[in-house]
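Descriptive structure summary
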Amino acid sequence: MTAGTLQPEPGDGRAEAPLPSPEVIEPIAARVRGIVDALDRALLGQHEVHELVVVGVLSQGHVLLEGMPGLGKTQMIHSLAQLLGLDFGRVQFTPDLMPSDIVGSSILQTSSDGRREMEFRPGPVFTNLLLADEINRASPKTQSALLEAMQEHRVTVLGQTRPLPEPFFVLASQNPVETEGTYPLPEAQLDRFLFKLEIRMPDAAVLEEIVQTRRRGQPPVLDALVDASSLADTFAVLEQVVLPPAVARYIAALVRGTHPDAESAPDLVQRMVRYGASPRAAIAFGEAARARALLAGRPSVGFEDVRTVAHPILAHRVILTHEARFERVTPASVVDAVLERIPTAPGALPRSAKLVEGAVT
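What you see as residue numbers is a count from 1 along each chain, following the sequence as written. For a predicted model such as this one, the threshold for reporting local features is a pLDDT of at least 70, and the threshold for listing and counting side-chain atom pairs is 80 or more; totals across whole chains, interfaces and linings nevertheless cover every residue. Calculated side-chain values reflect all of the structure's heavy atoms, with hydrogen atoms and water omitted.

1. Here we look at the overall build of the protein
Numbering goes from the N terminus for both helices and strands, where a helix is a DSSP run of H or I of at least four residues and a strand is a run of E of at least two. The number of helices and strands found in the protein is 15 helices and 15 strands. Residues are treated as being in contact if the distance between any of their heavy atoms lies within 4.5 Å. Looking at the protein alone, contacts between residues at least 24 apart form 74% of all its contacts between residues at least 6 apart. For the protein, the computed accessible surface area is about 17500 Å², with 52% contributed by carbon and sulfur atoms. Exposure was quantified through the Shrake-Rupley algorithm and a 1.4 Å probe, taking into account, for residues, occlusion by the shown protein chains and nothing else.

2. Considerations on the sheet that holds strand 4 (residues 88–92)
Two strands qualify as a pair provided that DSSP identifies no fewer than 2 bridges between them. Ordered by their spatial adjacency, five strands build an open sheet running 4-7-10-3-11, and the pairing between neighbours is parallel. Whereas interior strands pair on both sides, the edge strands pair on one side only; in this sheet they are strand 4 and strand 11 (195–198). Mean inter-strand twist for the sheet, computed between neighbouring axes without regard to direction, equals 15 degrees. With five bridges joining them, strand 4 and strand 7 (residues 129–133) adopt parallel strand pairing. What sits directly across from Gly 89, in strand 7, is Leu 130. Note on geometry: axes are lines fitted to C-alpha atoms, helical ones only across the stretch in contact, with angles between N-to-C directions running from 0 to 180 degrees. Helix 2 (residues 47–58) contacts strand 3 (63–66), strand 10 (169–174) and strand 11 of the sheet and is inclined by roughly 165 degrees relative to strand 11.

3. Topic: the pattern of salt bridges
The term salt bridge refers to a pairing of a side-chain nitrogen on Lys or Arg with a carboxyl oxygen on Asp or Glu at a separation within 4 Å. On inspection of all chains with the given rule, the structure shows 13 salt bridges. For Arg 90, the salt bridge goes to Asp 133, with nearest N and O atoms at 2.6 Å. Of the two residues, Arg 90 is situated in strand 4 and Asp 133 in strand 7; the sequence distance between them amounts to 43 residues. We call a residue buried when its accessible area falls under 20% of the maximum for its residue type, exposed when it is over 50%, and partly exposed in between, using a 1.4 Å probe and counting protein chains only. The exposure class of Arg 90 is partly exposed, given its relative accessible area of 40%. Its relative accessible area of 4% is what places Asp 133 among the buried residues. For Arg 256, the salt bridge is made with Asp 261, and the minimal N-O distance between the two is 3.3 Å.

4. Quick word on the packing of aromatic side chains
Pairing of aromatic rings covers Phe, Tyr and Trp, the last counted by its six-membered ring, and requires centre-to-centre distances within 6.5 Å; plane angles under 30 degrees mean stacked, over 60 mean edge-to-face, and any other angle means tilted. In the structure shown here, the tally under the stated rule is two aromatic pairs. Measuring from ring centre to ring centre gives 5.8 Å for Phe 120 and Phe 126, while their planes differ by 70 degrees; the resulting arrangement is edge-to-face. Judged by its relative accessible area of 16%, Phe 120 is buried. Between Tyr 250 and Phe 303 the ring centres are 5.4 Å apart and the planes differ by 90 degrees, which places this aromatic pair in the edge-to-face class.

5. A closer look at unusual backbone geometry
Across the junction of Glu 166 and Pro 167, the peptide omega takes the value -5 degrees, indicating a cis bond. Within the secondary structure, Pro 167 sits in the loop between strand 9 (160–163) and strand 10. Non-glycine residue Glu 134 carries a positive phi angle of around 50 degrees. Within the element layout of this structure, Glu 134 appears in the loop between strand 7 and helix 5 (140–143).

6. A short note on the nonpolar core
Only buried Ala, Val, Leu, Ile, Met, Phe, Trp, Tyr and Cys residues count toward a nonpolar core, and they belong to the same one when joined by side-chain atoms within 4.5 Å. If you look at the biggest cluster of nonpolar residues, it comprises 80 residues, and the most contacted ones within it are Val 53, Leu 65, Leu 80, Phe 195, Phe 285, Val 306 and Ile 313. It is helix 12 (residues 279–295) that provides the largest number of residues to this core, a total of nine residues. In this structure, Leu 64, Phe 93, Ala 145 and Leu 164 belong to the second largest nonpolar core, which totals 25 residues.

7. Some thoughts on the packing of helix 1 (residues 22–42) against helix 9 (residues 228–240)
Helix 9 packs onto helix 1 with a crossing angle of 125 degrees between their chain directions and a minimal axis gap of 10 Å. Taken together, the axes of helix 1 and helix 9 are oblique relative to one another. By crossing handedness, the relation of helix 1 to helix 9 is classed as left-handed. Counting all contacts with helix 1, which are made through Val 24, Ile 25, Ile 28, Arg 31 and Val 32, the residues of helix 9 involved are Ser 230, Thr 234 and Val 237. These descriptions rest on fixed angle ranges, namely under 35 degrees for roughly parallel, over 145 for roughly antiparallel, 65 to 115 for roughly perpendicular, and the rest for oblique. Crossing handedness is defined as follows: a turn of the near helix away from the far one that is anticlockwise and smaller than a right angle gives a left-handed crossing, while the clockwise case is right-handed.

Written out as structure tokens, the structure reads:
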């Protein structure tokens, strides 16, 4: 099978989009799946989470991991840093942590010739992969110090802006908000995370394997599977993965369907949602769906790729009403309602979503 193209709809003015060939896609997909397999060996019983974390990295987005202490959130991020072979930094968030402890600060220094000048000392944010451990234990002022870094990949200290190394990812962990001594992340901070993933308690069979194979909690030693150069090659191939217009329209419909004033919004959204997902969520959908297709070794995004990443993209971006709490409505149930209401209609795809060698699935 050779590389195909997406056929444009008549009169839509779009050029044909070339598809990367299997010879280009498969080696990259195998490398990415190797990262997932290695994470499975490091942290048992969390395969779906590992796939989504890798998808988040491929999307060059930030990931928030939520779960009770002891489930392996920090270990997962440590293992990912080892596998990626990138510079790694860690910040342990505490109530007394200051913004300068994250981004760095300028201090007055005396040079060898006697002159006194301000010298910038970079903080741990100047790295490729930053572990923000227990991010919801720090005050909102300190949490907000990450806003510019996560969105703009730069920090400003005393009026001077400094770029961060590329690539730059924030992988943060937090305890559930009902745990005492935590500060819930504000909506503006949450929206900057591509995914919010829940780490759940493994079942009894996985716990038995952990007891037998994890003496003193030590994970297996992992070697780097990629480096900065091969990761850049992966990003380059990801740019070639095609997002068909029909799938893009489906993404737009899902995001719009989370807003209570939308005609397509289900009844649960109209009654229980105060604000829906932002356009940033639509952008996240496109990038994450491409990454998920690449992980599966496909050159084009399908509807199932979108549905797979829908919950981690939308759930933390939906703001519920006060009444929703009393009726036990959750963001996850809202996303379920939107997915059920908005059809994919795979049997009625427009011509623009057809491949020369077959249809998008």
